[in-house]
Amino acid sequence: MGDCLFCKIVKKEIETEIIFENKNIVAFRDINPQAPVHILLIPKIHFSTLNDLTSGDIKLAGSLIYTAAKLAKTEGIADQGYRTGFNCNKWGGQTVYHIHLHLLGGRKFGWPPG
Ligand code: 5GP
Ligand code: ZN
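Residues numbered from 1 in each chain as written. Chains lettered and ligands numbered in written order. Predicted model: local features only at pLDDT ≥ 70, side-chain atom pairs only at ≥ 80, totals over all residues. Heavy atoms only, no water.

Engineer: Got a minute to help me understand the packing of aromatic side chains in this structure?
Structural biologist: Aromatic ring pairs are defined here through the distance separating the ring centres and the angle between the ring planes. Overall, the coordinates contain one aromatic pair when judged by the stated rule. Each ring, one from Phe-6 and one from Phe-28, has its centre 5.4 Å from the other, and the planes form 80 degrees; the classification is edge-to-face. In this pair, Phe-6 is assigned in helix α1 (residues 5–10) and Phe-28 in strand β2 (residues 25–29), connecting sequence segments 22 residues apart. When sorted by exposure, Phe-6 lands in the same class as Phe-28, which is buried. (Phe/Tyr/Trp six-rings, centres within 6.5 Å; stacked < 30°, edge-to-face > 60°. Helix = DSSP H or I, 4+ residues; strand = E, 2+ residues; numbered from the N terminus. Buried < 20%, exposed > 50% of the residue type's maximum accessible area, 1.4 Å probe, protein only.)

Structure representation (structure tokens):
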């Protein structure tokens, strides 16, 4: 994990505006936002992909989702609606191999995704 970008954000080795943090997770704005609101929520411990989660991580995964919903409210996008998603591996479009939940809002999204 020594050269994992998001582990470095967790350890505050990279300057990032943290918008939410607790014992287990950190949330910050995406450097290349795809919507007016684009936040990434990550666990402080390193998992490369969603495939690495075990049953012991269910609470942590739920906490990421719950926190995304809370942030959607504070960001003012909850009522109009928003998109959340984990990209997994190459075909899922994952580029940073430390799991992260995208929270996107402030515009209308299409379905199915591209
Ligand atoms: P993925 O494609 O893996 O699902 O998403 C990775 C996301 O991380 C991308 O949306 C990308 O813009 C974002 N990202 C990559 N490097 C950095 C960084 O150094 N800081 C922040 N805040 N976001 C980053
Ligand atoms: Zn990491």
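Engineer: Looking at this model, I keep getting lost on the coordination of the zinc ion (ligand 2). Mind explaining?
Structural biologist: Ideal donor angles around a metal are set by the shape: a four-donor tetrahedron calls for 109.5 degrees, a six-donor octahedron for 90 or 180 degrees. Taken together, the protein donors to the zinc ion (ligand 2) comprise Cys-4 (SG), Cys-7 (SG), His-46 (ND1) and His-98 (ND1), at separations of 2.0 to 2.3 Å. Each of the four donor atoms bound to the zinc ion (ligand 2) contributes to angles spanning 107 to 117 degrees, and the resulting shape is tetrahedral. All donor residues of the zinc ion (ligand 2) come from one chain, and their arrangement in sequence is C-x2-C-x38-H-x51-H. Here Cys-4 matches Cys-7 in class, with each residue buried. (Donors = N, O, S within 2.8 Å, 3.2 Å for Na, K, Ca; no water. Tetrahedral: all angles 85-135°; square planar, octahedral: opposite > 155°, others 65-115°.)

Engineer: Help me understand the sheet that holds strand β5 (residues 101–105), please; the structure alone is not making it clear to me.
Structural biologist: The strands making up a sheet are joined through hydrogen bonds of the backbone, oriented either antiparallel or parallel. Strand order across the open sheet formed by five strands is β1-β2-β3-β5-β4, with antiparallel pairing between neighbours. Each of the sheet's edge strands pairs with one partner strand only, and the pair in question is β1 (18–21) and β4 (82–85). The mean angle between the axes of side-by-side strands here comes to 20 degrees, regardless of whether they run parallel or antiparallel. Pairing between β1 and β2: three bridges, direction antiparallel. Bridging across to β2, Ile-18 finds its partner in Phe-28. The sheet contacts of helix α2 (residues 58–74) involve β1, β2, β3 (37–43), β4 and β5, and relative to β3 the element is tilted by about 155 degrees. (Pairing = 2+ DSSP bridges. Axes fitted to C-alpha atoms, helices over the stretch in contact; angles between N-to-C directions. Contact = heavy atoms within 4.5 Å.)

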